[in-house]
Amino acid sequence: MPTYLARRLGQSLLTVFLTLTTVFLLVRLAPGDPAAAYAGPTATTADLARIRSQFGLDRSLVEQYGIFLRDLFTGDLGTSYSFRAPALDVVLDRMPYTITLAVSAIAVTAVVAVPLGVWMARRADSKRELGANVLTIGGQSMPDFWTGVMLLTVFAVLLPVLPASGFTSWSGLVLPTVTVAILQLALISRLVRREMTTALASPYITVARSRGFSERALTWRYALGNSGVPLITAIGTRFAALLNGVVVVEVVFGWPGVGSLVVRALETRDYPLIQATVLVTATLAILVQLLVDLAYPLLDPRVRLGKAA
């Protein structure tokens, strides 16, 4: 286990480093001038030159990368051009909102999708299962911006029972959570349905049934228990993806998370803010994936980490 953990930590650090390097290069090779975005339309040539010198943008790409690495190892990710504050602090201020939305959405997904997937598996190939399958496929097919706008129109405009945007109270969390959960619900419930259908048709379930085990025990204890590894993997992967910011949903609902922050950073060509956002979100996502990997032996004693890795 220590060797496996050390190897996974090394792989995670390398992944974060390569991700940061890729983002560093891509944002600088992309068209656009951060000095012009910062100075505004009335800036003179002298103003732009002064700003480029202030931000170090007049240096070569290699020099900028060297400075970036030096500051990275000291925990300094630079000052945000648009917020005029340490970029890492700006991202950390927004991160709790994204974590709150991600936890809320994945919790709602798990509570609804697991029983739904089990229900579908128990009624496989029936008309009711077909109807539920069509609904889940429909939910998976709907773009999140369309779902968000529809929920916004109904519950915030036609029936003004929920806030339209922002996070002034916990009720403001409802519509973004439902919007995100609808897509995740379709993915997870169909996965549970597939795994449960396979498990319920397995020989060990047939043997257990012949020995008089109840259908409830066979379904929830044995079949669902053996579906735990792929289920936790899927939920962990979706949760890690949500931590990277649900950009469209955050923009639609004015949610103050890192997704909307990234949009603003890209619009203003705010290099330090983009890099800080990538560092924080990538680190959290990889940490979640690592915890999921370490949970495998707890879910399935047959897993041998040394062989599985």
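Here the structure is a predicted model, which is why all the values come from computation and not from measurement.

A. Inspection of the environment of isoleucine 67 at higher detail. With respect to the helices and strands, the residue isoleucine 67 is situated in helix α4 (residues 61-72). Exposure remark for isoleucine 67: the relative accessible area of 26% places this residue in the partly exposed category. Sequence-wise, isoleucine 67 and glycine 56 are eleven residues apart; in three dimensions their C-alpha atoms are separated by 9.3 Å.

B. Highlighting the nonpolar core. Counting residues in hydrophobic clusters, the biggest one holds 38 residues, and the most contacted among them are Leu175, Ile188, Val192, Met196 and Leu242. Among the elements of the structure, α5 (87-122), α7 (144-158), α8 (174-200), α9 (203-210), α10 (215-226), α11 (228-243) and α14 (271-299) are those that each provide at least two residues to this core. Among the elements that make up this core, the one with the highest residue count is α8 (eight residues).

C. Region of interest: the pattern of salt bridges. According to the stated counting rule, one finds seven salt bridges in the structure shown. For glutamate 129, the salt bridge identified is with arginine 193, shortest N-O distance 2.8 Å. Pair noted here: glutamate 129 is in helix α6 (residues 127-141) and arginine 193 is in helix α8, with a separation of 64 residues, a long-range link. In this pair, the class of glutamate 129 matches that of arginine 193, namely buried. We note a salt bridge from glutamate 215 to arginine 209, for which the minimum N-O separation is 2.7 Å. What you see here is one network of salt bridges that share partners, running through Arg122, Arg209 and Glu215.

D. Summary view of the confidence of the model for the chain. When the pLDDT values of the chain are averaged, the result is 85; 95% of them are 70 or greater. Considering each helix and strand of the chain separately, the mean pLDDT is smallest for helix α15 (residues 305-308), with a value of 50, and largest for α5, with 91.

E. Expanded view of the packing of aromatic side chains. Using the criterion set out here, one finds ten aromatic pairs in the structure. Residues phenylalanine 24 and phenylalanine 68 carry aromatic rings whose centres are separated by 5.2 Å and whose planes lie at 25 degrees to one another, so their mutual orientation is stacked. Placement of the pair is phenylalanine 24 in helix α1 (residues 2-29) and phenylalanine 68 in helix α4, with a sequence separation of 44 residues. Owing to a relative accessible area of 0%, phenylalanine 24 belongs among the buried residues under this scheme. Directly above the ring of phenylalanine 83 sits arginine 264, whose terminal nitrogen or CZ lies 4.2 Å from the centroid.

F. Layout of the packing of α6 against α8. Orientation of α6 relative to α8, taken along the N-to-C sense of each, is 140 degrees, at an axis distance of 7 Å. Of the possible angle classes, the one that applies to α6 and α8 is oblique. The element α6 and its partner α8 pack so that their crossing is left-handed. In contact with Glu129, Asn133, Thr136, Ile137, Gly139 and Gln140 of α6, α8 contributes Ile182, Leu183, Ala186, Leu187, Ser189, Arg190 and Arg193. Grouping the constituent residues of the contact of α6 with α8 by class yields five nonpolar, five polar and three charged.

G. Summary view of the packing of α8 against α10. Two numbers describe how α8 lies on α10: the axes approach to 9 Å, and their chain directions differ by 105 degrees. Relative to α10, the element α8 lies roughly perpendicular. Here Met196, Ala199 and Leu200 of α8 lie close against α10, whose contacting residues are Leu218, Thr219, Ala223 and Leu224. Taken together, the residues that form the contact of α8 with α10 break down as six nonpolar, one polar and no charged.

H. Spatial organisation of unusual backbone geometry. The phi angle at aspartate 125 is positive, at roughly 70 degrees, despite the residue not being glycine. Along the chain, the position of aspartate 125 falls in the loop between α5 and α6. We classify aspartate 125 as exposed; its relative accessible area is 73%. The backbone of arginine 269 shows a phi angle near 55 degrees, a positive value even though the residue is not glycine. Mapped onto the secondary structure, arginine 269 falls in the loop between α13 (258-267) and α14. Arginine 269 sits in the buried class, given a relative accessible area of 15%.

What counts, and at which threshold
- Residues numbered from 1 in each chain as written.
- Predicted model: local features only at pLDDT ≥ 70, side-chain atom pairs only at ≥ 80, totals over all residues.
- Heavy atoms only, no water.
- Helix = DSSP H or I, 4+ residues; strand = E, 2+ residues; numbered from the N terminus.
- Buried < 20%, exposed > 50% of the residue type's maximum accessible area, 1.4 Å probe, protein only.
- Core = buried A, V, L, I, M, F, W, Y, C linked by side-chain atoms within 4.5 Å.
- Salt bridge = Lys/Arg side-chain N within 4 Å of Asp/Glu carboxyl O.
- pLDDT = per-residue confidence, 0-100.
- Phe/Tyr/Trp six-rings, centres within 6.5 Å; stacked < 30°, edge-to-face > 60°.
- Lys NZ or Arg CZ within 6 Å of the ring centre and 35° of its normal.
- Axes fitted to C-alpha atoms, helices over the stretch in contact; angles between N-to-C directions.
- Parallel < 35°, antiparallel > 145°, perpendicular 65-115°, else oblique.
- Left-handed = near helix turned anticlockwise from the far one by under 90°.
- Contact = heavy atoms within 4.5 Å.
- Nonpolar A, V, L, I, M, F, W, Y, C, P; charged D, E, K, R; others polar.

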